[in-house]
Amino acid sequence: MAGINKVILIGNLGKDPEVRHLEGGASVAHFTLATNDHYKDKQGNRVERTEWHNITAWRGLAEMAEKYLKKGHQVYIEGKLRTRQYQDKDNQTRYITEIVADEITMLGGRPSGSDGPAAPEQAVAVAPVTFRQEPELDQLPF
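Remember, it's a predicted structure, so these values are computed and weren't measured experimentally.

Asker: Can you walk me through the overall build of the chain in this structure?
Answerer: Check the secondary structure of the chain and you find 1 helix and 7 strands. Relative to its full complement of 142 residues, the chain shows a buried share of 29%. By sequence separation, contacts in the chain at least 24 residues apart represent 57% of the contacts at least 6 residues apart. Total accessible area on the chain stands at roughly 10100 Å², and carbon and sulfur atoms take up 50% of it.

Asker: Would you mind showing me how to read the pattern of salt bridges here?
Answerer: Opposite charge on two side chains lets them pair, provided their charged atoms get close. All chains considered together, the criterion is met by 6 salt bridges. Note that Glu78 is salt-bridged to Lys6, the shortest N-O span being 2.9 Å. In this pair, Glu78 sits in strand β5 (residues 73–87) while Lys6 sits in the segment before β1 (7–13), placing the two residues 72 residues apart along the sequence. Of the residues examined, Glu78 reaches a relative accessible area of 16% and is grouped as buried. Judged by relative accessible area, which is 51%, Lys6 ranks as exposed.

Asker: I'm lost on the nonpolar core in this one. Help?
Answerer: Nonpolar side chains tend toward joint burial in soluble globular proteins. Of all hydrophobic cores here, the largest spans 20 residues; its most connected members are Phe31, Ile55, Leu69, Ile77 and Ile104. Those elements giving two or more residues to this core turn out to be β1, β3 (27–40), β4 (46–58), α1 (59–68), β5 and β6 (93–109).

Asker: Any chance you could explain the environment of Ala29 here in plain terms?
Answerer: Along the polypeptide, Ala29 turns up in strand β3. Looking at Ala29, the relative accessible area reads 0%, which means it is buried. Sequence separation of Ala29 and Glu18 is 11 residues, and the distance between their C-alpha atoms is 5.4 Å. Those residues in contact with Ala29, other than ones at most four positions away along the chain, are Pro17, Glu18, Val19, Ile55, Thr56, Ala57, Ala62 and Ala65.

Asker: Would you mind showing me how to read the side chain of Ser27 here?
Answerer: Of note, Ser27 is situated in strand β3. Looking at Ser27, its side chain comes within polar contact range of the side chain of His21, at 2.9 Å.

Asker: Just checking my understanding: could you explain α1 for this structure?
Answerer: Residue pairs three or four apart in sequence face the same way in an α-helix, which turns once every 3.6 residues. Buried residues of α1: Leu61, Ala62, Met64 and Ala65, and no others. Summarising the axial view, the buried residues of α1 lie within an arc of 160 degrees, below the 170-degree limit, and thus occupy one face.

Asker: Any chance you could explain the pairing of β3 here in plain terms?
Answerer: Two faces, one strand: in a regular strand the side chains alternate between the faces of the sheet. The pairing of β1 with β3 spans 2 bridges and is antiparallel. When the sheet's bridge partners are listed, Leu13 is paired in β3 with Leu33. Examined bridge by bridge, strand β2 (residues 18–21) and β3 share 4 bridges and lie antiparallel to one another. Bridge pairing in β3 links Arg20 to Val28. Linking β2 to β3, which pair antiparallel, is a turn of 5 residues; within it Gly25 sits at a positive phi near 100 degrees.

Conventions used here
Residues numbered from 1 in each chain as written. Predicted model: local features only at pLDDT ≥ 70, side-chain atom pairs only at ≥ 80, totals over all residues. Heavy atoms only, no water. Helix = DSSP H or I, 4+ residues; strand = E, 2+ residues; numbered from the N terminus. Buried < 20%, exposed > 50% of the residue type's maximum accessible area, 1.4 Å probe, protein only. Contact = heavy atoms within 4.5 Å. Areas by Shrake-Rupley, 256 points an atom, 1.4 Å probe, with all protein chains shown as cover. Salt bridge = Lys/Arg side-chain N within 4 Å of Asp/Glu carboxyl O. Core = buried A, V, L, I, M, F, W, Y, C linked by side-chain atoms within 4.5 Å. Polar contact = N/O pair within 3.5 Å; in protein donor to acceptor, adjacent residues only side chain to side chain. Arc of directions from axis to C-beta. Pairing = 2+ DSSP bridges.

By themselves, these figures tell us nothing about what the structure is for.
Pasting the structure below:
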């Protein structure tokens, strides 16, 4: 039986997507996503914690991210957890864990031109728009 590798996140973009266009014509986008949760400490004070996630989107999703996503936008992301290694400038092997997006849904976010949190009355009232990564030919089930 095959395992399951699925990640579901809702959060806000920490920066505009950085998109590279590769020689073979494929595009790849990298951006960070912040998710927040909270708990009460021993003194009963509410403590909020932000977790930062590295997101990678390929091909059509990368192009969509480049065109529509901006820092602060709220998105829903489904994808797979991947760890990869690379050589840094000092030739040391480094590892990075990222979410490779299969689906991105734009949920809204801060109004354009705003750097602070959106007030409820300023929230963008837009119907969610979902984009999905098309499967590669070798991933088709037939």
